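As a plain string of letters, each chain reads:
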Amino acid sequence: MSYLVDNDGYYGEFGGAYVPEILHKCVKDLQDNYLKIMDSPAFKNEYYNLLKDYVGRPSPLYYASRLSAKYGAKIYLKREDLNHTGAHKINNTTGQILIAKSLGKHRIIAETGAGQHGVATATVCALMNMECVVYMGATDIKRQHINVEKMKMLGATVVPVTSGNMTLKDATNEAIRDWCCHPEDTYYIIGSTVGPHPYPDMVARLQSVISKEIKVQLVEKEGRDYPDYLMACVGGGSNAAGTIYHYIDDPRVKIVLAEAGGKGVDTPYTAATIALGRTGIIHGSKTYVIQNEDGQIEEAYSVSAGLDYPGIGPIHANLAKKKRAMVFPVNDDEAIAAGYELTRLEGIIPALESAHALGALGKLHFRPDDVVVLTVSGRGDKDIETYLKYFNDSKEK
Ligand SMILES: *Cc1c(COP(=O)(O)O)cnc(C)c1O
């Protein structure tokens with residue numbers, strides 16, 4: 001038994017492709033071709049060259065000595081924050097734009113929450129001279145002004161979405177609507193391991209460069225190619241999927257995921273999908289969804305705009321259900337504290353999303369010789385105002 005996708009696009013009972021009739025052909029074309037394209041020498045050559053010279057890979061595996069001393073284990077940080085555009089998202093958009101090109105598409109659409117995926121998409125569209133339309137909730141446009149300006153500067157059209165909570169879920173709905181109207185010429189670059197098959201598998205494969213590098217880097221540093229623990233935050237699940245991909249079926253490696261607890265799983269202000277979700281369908285995939293008794297999808301909340309999604313990738317729903325992964329909700333205040341801690345111990349300001357993974361360190365009991373690899377999915381530049389606001393608020397109390 002494997003935890004990777006099966007031939008029908010499922011991870012256990014989760015996944016599949018639940019799409020409207022009009023998108024059937026687009027999705028089927030992608031299902032039939034993505035592996036052929038990704039296995040071709042032309043794709044591999046161009047993708048790996050771009051990852052090296054444009055994205056700046058391999059990202060370092062950094063031994064964090066002061067953090068290690070604090071938690072009593074050997075903690076390594078996988079530094080996705082050092083990538084071009086500041087997060088792991090670019091690994092995926094670089095691959096998908098090449099796939100779009102192979103399929104003969106010339107118009108790109110994307111959804112974005114915090115704006116990181118929007119910027120990563122607009123970046124590769126500039127690079128490849130493709131038209132780029134990014135759907136973004138009006139609430140997020142206000143919260144993430146700099147990323148909106150970056151996307152415009154890169155030549156993308158940013159479309160404000162005013163339905164629902166005006167955040168990521170609503171932006172995704174609108175992107176799917178656009179795709180339905182332009183199935184012939186448009187390619188939809190999804191930003192995480194979500195959506196209909198083959199997106200979760202395709203995005204996981206494109207992000208799997210993270211664990212491919214970890215294997216080589218651990219041999220250099222520890223003399224063995226596997227850690228005892230892998231840790232990552234989960235929004236839709238792409239940085240986590242990339243971190244665990246080459247270890248997913250290796251029982252020696254414990255997988256620890258951090259989801260956004262928000263103000264607490266016992267409040268309505270949370271995005272802890274594994275803790276609170278029930279099986280449903282969201283954006284073309286069967287997975288855990290935070291929903292009310294009538295099956296209406298609820299609004300998710302997190303201090304981190306990259307994690308406030310009421311669903312989760314089907315890969316992770318299955319890992320949680322089969323108990324292959326331990327999943328901890330990490331609340332806003334725990335994540336903020338963990339972000340400050342890394343900043344003061346190691347001189348690294350992490351993205352608020354990544355700070356959730358750091359916030360899970362204190363929930364585990366390590367042995368001194370345990371090797372832990374934790375992925376810092378992005379840098380904190382975009383989150384400085386939120387960090388400062390919490391710092392000042394707590395001083396006032
Ligand atoms: C988007 C984002 C996430 C959440 O997305 P995943 O698909 O779960 O990885 C996490 N960290 C950063 C820095 C992000 O930009």
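Structure's up top.
Our subject in this report is the structure included herewith. The model shown is predicted, which means the values in this text are computed figures rather than measured ones. (Residues numbered from 1 in each chain as written. Predicted model: local features only at pLDDT ≥ 70, side-chain atom pairs only at ≥ 80, totals over all residues. Heavy atoms only, no water.)

### Notes on the packing of aromatic side chains
Each aromatic ring pair is described using two quantities: the centre-to-centre distance and the angle formed by the ring planes. According to the stated counting rule, one finds ten aromatic pairs in the structure shown. On the basis of an interplanar angle of 90° and a centroid distance of 6.2 Å, the ring pair of Tyr269 and Tyr301 is categorised as edge-to-face. Here Tyr269 is found in the loop between β10 (254–262) and α12 (273–276), whereas its partner Tyr301 is found in the loop between β12 (285–289) and α13 (314–321), with 32 residues between them in sequence. Among the residues examined, Tyr301 registers a relative accessible area of 22% and is labelled partly exposed. Ring centres of Tyr340 and Tyr387 lie 5.6 Å apart, and the angle between their planes is 80°; on these two criteria the pair is classed as edge-to-face. (Phe/Tyr/Trp six-rings, centres within 6.5 Å; stacked < 30°, edge-to-face > 60°. Helix = DSSP H or I, 4+ residues; strand = E, 2+ residues; numbered from the N terminus. Buried < 20%, exposed > 50% of the residue type's maximum accessible area, 1.4 Å probe, protein only.)

### Overview of the nonpolar core
Where a protein is soluble and globular, its nonpolar side chains tend to be buried together. Of all hydrophobic cores here, the largest spans 86 residues; its most connected members are Ile97, Tyr187 and Met202. Mapping this core onto the domain boundaries places at least three of its residues in each of domain 1 (19–51 + 88–202) and domain 2 (57–86 + 208–396). With residues up to four places along the chain from it excluded, the contact list for Tyr187 reads Leu30, Gln96, Ile99, Ala100, Leu103, Lys105, Arg107, Ile108, Ile109, Tyr199 and Met202. Counting residues in each nonpolar core, the second largest holds 36 residues, with Ala73, Leu307, Ala355 and Ala360 among its members. (Core = buried A, V, L, I, M, F, W, Y, C linked by side-chain atoms within 4.5 Å. Domains from an automatic or database assignment. Contact = heavy atoms within 4.5 Å.)

### Description of the site of the ligand
The environment of the ligand is formed by 17 residues, the closest being Lys89, Ser192, Gly235, Ser238 and Ser377. One of the side-chain nitrogen or oxygen atoms of Ser377 is found 2.7 Å away from a nitrogen atom of the ligand. The fraction of the free accessible surface of the ligand (380 Å²) that becomes covered by protein chains is 96%. Its residues placed into classes, the shell around the ligand shows four nonpolar, eleven polar and two charged. (Near = heavy atom within 4 Å. Polar contact = N/O pair within 3.5 Å; in protein donor to acceptor, adjacent residues only side chain to side chain. Areas by Shrake-Rupley, 256 points an atom, 1.4 Å probe, with all protein chains shown as cover. Nonpolar A, V, L, I, M, F, W, Y, C, P; charged D, E, K, R; others polar.)

### Points about the sheet that holds strand β14 (residues 371–376)
Each strand in a sheet pairs with another by means of backbone hydrogen bonds, the pair being arranged parallel or else antiparallel. The strand order across the open sheet formed by six strands is β3-β4-β14-β9-β10-β13, and the pairing between neighbours is mixed. Each edge of the open sheet carries a strand with a single partner, namely β3 (61–63) and β13 (325–331). Ignoring which end each strand starts from, the neighbouring axes of this sheet average 25° apart. Two elements, β10 and β13, share seven bridges in a ladder whose sense is parallel. For Glu259, the partnering residue across the bridge sits in β13 and is Pro329. Contacting β3, β4 (74–79), β10 and β13, helix α14 (residues 332–346) runs over the sheet at an angle of about 95° to β13. (Pairing = 2+ DSSP bridges. Axes fitted to C-alpha atoms, helices over the stretch in contact; angles between N-to-C directions.)

### Brief notes about the pattern of salt bridges
Scanning all chains against the criterion turns up 27 salt bridges. In this structure, Glu213 and Lys78 form a salt bridge, with 2.7 Å as the shortest nitrogen-oxygen distance. You can see Glu213 sitting in helix α10 (residues 209–222) and its partner Lys78 sitting in strand β4, a full 135 residues away along the chain. Assigned by exposure class, Glu213 and Lys78 land together as buried. The partner of Asp383 in a salt bridge is Lys382, and the shortest N-O contact between them spans 2.8 Å. On the accessibility criterion, Asp383 (4% relative accessible area) is buried. Three or more residues joined by partner-sharing salt bridges are found here, namely Arg57, Lys78, Glu80 and Glu213. (Salt bridge = Lys/Arg side-chain N within 4 Å of Asp/Glu carboxyl O.)

### Some thoughts on the side chain of Ser377
Following the sequence through the fold, Ser377 ends up in the loop between β14 and α16 (384–396). Here Ser354 takes part through its side chain, which lies 2.7 Å from a polar atom of the side chain of Ser377. Excluding residues within four positions of it along the chain, Ser377 makes contact with Glu80, Asp81, Gly86, Ala87, His88, Cys233, Asn239, Glu353 and Ser354.

### Focus: the environment of Leu257
With respect to the helices and strands, Leu257 occurs in strand β10. Judged by relative accessible area, Leu257 falls into the buried class, the value being 2%. Apart from the residues within four sequence positions on either side, Leu257 is in contact with Ala232, Val234, Ala240, His316, Ala325, Met326, Val327 and Phe328.

### A short note on the pairing of strand β9 (residues 229–233)
With respect to burial, β9 is a largely interior element, five of its five residues being buried. Along β9, one buried face is formed by Tyr229, Met231 and Cys233 and the opposite face, lined by Leu230 and Ala232, is buried too. In terms of strand pairing, β9 meets β10 through five bridges, oriented parallel. Across the sheet, residue Tyr229 finds its bridge partner in β10, namely Lys254.

### Comments concerning a nonpolar patch on the surface
On the surface, a nonpolar cluster with roughly 230 Å² of combined accessible area is contributed by Ile349, Ile384 and Leu388. Secondary-structure assignment places Leu388 in helix α16. (Patch = residues over 30% accessible without salt bridge, like charges linked within 9 Å, V, L, I, M, F, W, Y side chains within 5 Å.)

### Looking at the packing of helix α1 (residues 24–39) against helix α9 (residues 199–207)
Between α1 and α9, the least distance of the axes is 10 Å, while the angle of their chain directions is 15°. By the angle between their axes, α1 is roughly parallel relative to α9. Note that α1 runs across α9; the crossing there is left-handed. Contacts between α1 and α9 pair Leu30, Tyr34, Leu35 and Met38 from the former with Tyr199, Asp201, Met202, Arg205 and Leu206 from the latter. Its residues assigned to classes, the contact of α1 with α9 shows seven nonpolar, no polar and two charged. (Parallel < 35°, antiparallel > 145°, perpendicular 65-115°, else oblique. Left-handed = near helix turned anticlockwise from the far one by under 90°.)

### Points about unusual backbone geometry
In the segment running from Arg57 into Pro58, the intervening peptide bond is cis, with an omega of 0°. Assignment of secondary structure puts Pro58 in the loop between α2 (41–55) and β3. That bond from His197 to Pro198 is cis: its omega, 20°, falls within 30 degrees of zero. Here Thr85, not a glycine, exhibits a phi torsion of approximately 70°, which is positive. For Thr85, the position within the fold is in the loop between β4 and α4 (89–102). In this structure, Asn129 is a non-glycine residue whose phi angle is positive, near 55°.

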